[in-house]
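Results of the structural survey
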Amino acid sequence: MKRISIGDITLNVNVSGQGRPLLLVHGFPLDHTMWREQIDELSSGCRVIAPDLRGFGKSDVTEGKVTMQQLADDVAALLKALQVDQPVTFCGLSMGGYVAWQFCLRHSKMLERLILCDTRAVADTQEIAEFRLETAEQVARDGSTRLIENMMGKLFADESLSNSREFVEHTRQVMLATDPAGIAAALRGMAERPDMRNHLKDIHVPTLIVCGEHDVISPPEEMQEIASQMVHADYVEIAAAGHMAPLENSLAVNTAIREFLPVV
Ligand code: MLT
């Protein structure tokens, strides 16, 4: 692991392998270890860069609000600090996908390809945004246990939960270890993320859309719709997986990524 300073904060980042840069950006409220199967497998052909975003894992936390734009700028600064001078494949899951959209809009010269896993293009409705803001206050006041237990049932397919797969407990522990101030800041940022649907037709980089067949947070129909609005997007549905497809069926996700990337 490396510790890299970018302006006012320091980020924790796993960098493995050599070759074309593949950036893996985790979901909420997780850290880079959600990509462990991809890091192991894909670093044989790529330079895999998997950071903990601001407020998560072992990266620094900033209180208040952290927007998706801020997280995209952080990642761009991190790539510069790592002297990545080639455009990257940006692979983001869920909140990592929200960051990917902002990276497309703000740092398009640094982008070669996109992989969007289990994510959404719509903004929050007013009702959902208000609920997120209330949850942020509750987490900042009482801690994150309630939020995390509510999320556990939605992140995974029933078969992952009922078979007590090891990664389920690992994910719970990662979430419990996350600083509530970082969780609250990201909730406030997600509540005001922009609607991307009108931008989809303007994204021209080759894109892979990956969705777990049982994802209840960003369901297959919604992700198929994203793919249909984009110029160069392929859609792959992952069997026996929910929202955390890269952990739940890593073999299928890695196969889809390998087929999509030119040299892996
Ligand atoms: C995630 O997995 O990153 C979250 O479900 C995103 C969200 O809460 O919208």
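Below, the structure is looked at part by part. (Residues numbered from 1 in each chain as written. Predicted model: local features only at pLDDT ≥ 70, side-chain atom pairs only at ≥ 80, totals over all residues. Heavy atoms only, no water.)

1. A few points about the overall build of the chain
Assigned secondary structure in the chain consists of eleven helices and eight strands. What you see for the chain is a C-alpha radius of gyration of 17 Å, in line with the 18 Å of a compact globule of 264 residues. Across the 264 residues that make up the chain, the buried fraction comes to 58%. Long-range pairs, those at least 24 residues apart, make up 77% of the contacts in the chain between residues at least 6 apart in sequence. (Helix = DSSP H or I, 4+ residues; strand = E, 2+ residues; numbered from the N terminus. Rg over C-alpha atoms; globule rule 2.2 N^0.38 Å. Buried < 20%, exposed > 50% of the residue type's maximum accessible area, 1.4 Å probe, protein only. Contact = heavy atoms within 4.5 Å.)

2. Things to note about the pairing of strand E5 (residues 88–93)
Counting buried residues in E5 gives six out of six residues, a clear majority hidden from the surface. The pairing of strand E3 (residues 20–25) with E5 spans four bridges and is parallel. Bridge pairing in E5 links leucine 24 to cysteine 91. Note that E5 and strand E6 (residues 111–117) share six bridges and pair parallel. Residue threonine 89 lies in a different strand from E6, and its bridge partner there is arginine 113. Handedness of the crossover is the feature at issue here: the chain leaves E5, passes through helix H3 (residues 95–106), returns alongside E6, and the resulting connection is right-handed. (Pairing = 2+ DSSP bridges. Right-handed = clockwise from strand over helix to strand, strands pointing away.)

3. Focus on the environment of alanine 140
Turning to its location among the elements, alanine 140 is positioned in helix H4 (residues 126–142). Judged by its relative accessible area of 49%, alanine 140 is partly exposed. In the structure, alanine 140 is positioned 68 residues away from leucine 208 in sequence and 36 Å away in space, judged by C-alpha atoms. Every residue in contact with alanine 140, bar those within four places of it in the chain, is listed here: Ala184 and Arg188.

4. As for the side chain of glutamine 102
Structurally, glutamine 102 is set in helix H3. On the basis of relative accessibility, which here comes to 4%, the residue glutamine 102 falls in the buried class. Apart from the residues lying within four places of it in its own chain, the contact partners of glutamine 102 are Met68, Gln69, Ala72, His107, Pro194 and Met196.

5. Topic: the pairing of strand E8 (residues 233–238)
In terms of strand pairing, strand E7 (residues 207–212) meets E8 through six bridges, oriented parallel. If you follow valine 210 over to E8, its bridge partner there is valine 236. At this point the chain moves from E7, through helix H9 (residues 220–229), to the parallel E8, and the crossover so formed is right-handed.

6. A few points about the sheet that holds E6
With mixed pairing, eight strands are arranged side by side in an open sheet as E1-E2-E4-E3-E5-E6-E7-E8. Edge positions in the sheet fall to strand E1 (2–6) and E8, since each has one partner strand and no second. The average undirected angle you get between the axes of adjacent strands in this sheet is 25 degrees. Across the sheet, helix H2 (residues 68–81) touches E1, strand E2 (9–16), E3, strand E4 (46–51) and E5, and the angle it forms with E1 is around 115 degrees. (Axes fitted to C-alpha atoms, helices over the stretch in contact; angles between N-to-C directions.)

7. Quick word on the site of the ligand
Near the ligand you find Gly27, Phe28, Ser94, Met95, Tyr98, Arg132, Met190, Ile217 and His243, and these make up its full shell. Phenylalanine 28 is positioned with one of its backbone polar atoms (N or O) 2.7 Å from an oxygen atom of the ligand. Contact distances for the ligand include 2.6 Å between an oxygen atom and a side-chain N or O atom of tyrosine 98. Class assignment for the residues of the shell around the ligand results in five nonpolar, three polar and one charged. (Near = heavy atom within 4 Å. Polar contact = N/O pair within 3.5 Å; in protein donor to acceptor, adjacent residues only side chain to side chain. Nonpolar A, V, L, I, M, F, W, Y, C, P; charged D, E, K, R; others polar.)

8. With respect to the pattern of salt bridges
For the coordinates displayed, the defined rule picks out 17 salt bridges. Lysine 201 serves as the salt-bridge partner of aspartate 202, at 3.7 Å between the closest nitrogen and oxygen. One connected set of salt bridges, linked through shared partners, spans Asp8, Arg54 and Asp74. (Salt bridge = Lys/Arg side-chain N within 4 Å of Asp/Glu carboxyl O.)

9. Description of unusual backbone geometry
Among all residues except glycine, the phi angle is most often negative; among peptide bonds, the trans geometry is most common. Here the bond from phenylalanine 28 into proline 29 is cis, since omega is -10 degrees, no more than 30 degrees from zero. Mapped onto the elements, proline 29 comes out in the loop between E3 and helix H1 (36–42). Of note in this structure, aspartate 118 is not a glycine but carries a positive phi near 45 degrees. Mapped onto the secondary structure, aspartate 118 falls in the loop between E6 and H4.

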